[in-house]
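# Topology and contacts: notes
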Amino acid sequence: MNFKEQIDPVKLPQHIAIIMDGNGRWAKKQGLMRIRGHEKGAKAVRDVVEGSAEIGVPNLTLYAFSTENWNRPKVEVDTLMKLLVSSLKKEITTLQENDIKLKAIGCIETLPKKARRELEEVIKKTSGNSRMTLTLALSYGSREELTHVVKEIAEKVASGEISAKAIDESVINKHLYTQNLPDVDLMIRTSGEQRISNFLLWQLAYAELYFSEILWPDYRKEDLFEAIYNYQNRERRFGKTSEQLS
Ligand code: FPP
């Protein structure tokens, strides 16, 4: 089935978030070092970003490195950071040519200086692009993000900038790292694992969840189109009944 042709362009998810999982297992299956899985994973990133832009998805967020990933062996962390730098250097032209804006969410200040500098440069250079926003979650954890939000709002209440009574969902949204992004419509996780793993807990409140058995390095745009087609054939009720929707 050609899923791309079946996709309804007026019902596209406005925000897709992906947990790119299975790099290590992919490498192990081929008898390779884990890092080879990450390298192949970076190629999958390229294909999926291209596919998202091609069909007109306005926001794509990728879980590239979690706060928990710092606990991996140093050599793997270092190589992942190097891979981030080389991918950014390599892909800046493609981002520009395709009018894609790059953003990052997470504790960016904890990244190695070189990665931070490269990231900031690409973010700055692509800031005027508007076809699609590609957000990389780097050193990201949703509980850390929510803790950060609570602290910021508490400080504002303490200083009298806002009153506790005025705190509502929109105030919280404005303090999230994802402040200018819409809620996630579709969350995809690869590699057969069915967990959220501290990813966008607030933003996923009404997201449709889609789990694929494919290991991330093998994931391609056609697989993304299949996930979108599946999403479009679900009924999103947001707490209402089917009858109310029709
Ligand atoms: C999960 O697989 C993947 C990661 C922790 C890193 C994701 C990184 C990439 C896809 C490569 C580069 C990305 C960019 C944005 C340039 P895993 O290692 O947990 O796999 P496993 O569960 O099979 O061990």
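Above this text sits the structure in question.
Thresholds applied
- Residues numbered from 1 in each chain as written.
- Predicted model: local features only at pLDDT ≥ 70, side-chain atom pairs only at ≥ 80, totals over all residues.
- Heavy atoms only, no water.
- Helix = DSSP H or I, 4+ residues; strand = E, 2+ residues; numbered from the N terminus.
- Rg over C-alpha atoms; globule rule 2.2 N^0.38 Å.
- Buried < 20%, exposed > 50% of the residue type's maximum accessible area, 1.4 Å probe, protein only.
- Contact = heavy atoms within 4.5 Å.
- Phe/Tyr/Trp six-rings, centres within 6.5 Å; stacked < 30°, edge-to-face > 60°.
- Near = heavy atom within 4 Å.
- Polar contact = N/O pair within 3.5 Å; in protein donor to acceptor, adjacent residues only side chain to side chain.
- Areas by Shrake-Rupley, 256 points an atom, 1.4 Å probe, with all protein chains shown as cover.
- 1 Å grid on protein atoms, 1.4 Å probe; cavity = no way out; pocket = protein on both sides within 12 Å on 5 of 7 lines; lining within 4 Å.
- Sits in = over half its atoms within 2 Å of the grid points.
- Nonpolar A, V, L, I, M, F, W, Y, C, P; charged D, E, K, R; others polar.
- Salt bridge = Lys/Arg side-chain N within 4 Å of Asp/Glu carboxyl O.

Along the protein chain, the regular secondary structure elements total nine helices and six strands. What you see for the protein chain is a C-alpha radius of gyration of 19 Å, in line with the 18 Å of a compact globule of 246 residues. By its C-alpha atoms, the protein chain is 55 × 50 × 35 Å across when sized along the principal axes. Counting all 246 residues of the protein chain, 45% fall into the buried class. Expressed as a percentage of contacts within the protein chain between residues at least 6 apart in sequence, the contacts between residues at least 24 apart total 77%.

The next point concerns the packing of aromatic side chains. Inspection of every chain in the model, using the stated rule, returns eight aromatic pairs. Summarising the aromatic geometry, the rings of phenylalanine 3 and tyrosine 229 are spaced 5.4 Å apart at their centres and angled 55° between planes, so their arrangement reads as tilted. With phenylalanine 3 in helix α1 (residues 3-6) and tyrosine 229 in helix α8 (residues 221-232), the pair connects residues that are 226 residues apart, well separated along the chain. For tyrosine 229, a relative accessible area of 24% gives the class partly exposed.

The ligand sits among 17 residues. The nearest are Asp21, Gly24, Arg25, Arg34 and Arg72. Here an oxygen atom of the ligand and a side-chain polar atom of aspartate 21 are 3.1 Å apart. Separating an oxygen atom of the ligand from a backbone N or O atom of arginine 25 is a distance of 2.7 Å. Relative to its free-state accessible area of 630 Å², the ligand is covered by the protein chains to the extent of 89%. Judged by the fraction of its atoms near the pocket grid, the ligand is located in the largest pocket. Of all the secondary-structure elements, those providing two or more residues to the shell around the ligand are α2 (23-29), α3 (34-55) and α4 (74-97). Per-element tally for the shell around the ligand: the top contributor is α3, with four residues. Considered class by class, the residues forming the shell around the ligand number six nonpolar, seven polar and four charged.

A separate point is the environment of valine 122. Within the element layout of this structure, valine 122 appears in helix α5 (residues 113-125). Linking valine 122 and serine 139, residues 17 residues apart in sequence, is a C-alpha distance of 18 Å. For valine 122, the contacting residues outside a window of four places in its chain are Leu88, Ile92, Leu95 and Leu102.

This part covers the pattern of salt bridges. The final tally for this structure, using the stated rule, is 16 salt bridges. The salt bridge involving glutamate 118 is made with lysine 89; its shortest N-O contact spans 3.2 Å. Here lysine 89 lies in helix α4 and glutamate 118 lies in helix α5, a separation of 29 residues in the sequence. Looking at glutamate 118, the relative accessible area reads 13%, which means it is buried. Across the pair glutamate 208 and arginine 234 runs a salt bridge whose closest N-O atoms are separated by 3.0 Å. In this pair, glutamate 208 is assigned in strand β6 (residues 208-211) and arginine 234 in the loop between α8 and α9 (242-245), connecting sequence segments 26 residues apart. Here glutamate 208 falls in the buried class, since its relative accessible area comes to 15%. Through salt bridges with shared partners, a single ionic network connects Lys4, Arg46, Glu50, Glu54, Glu91 and Lys221.

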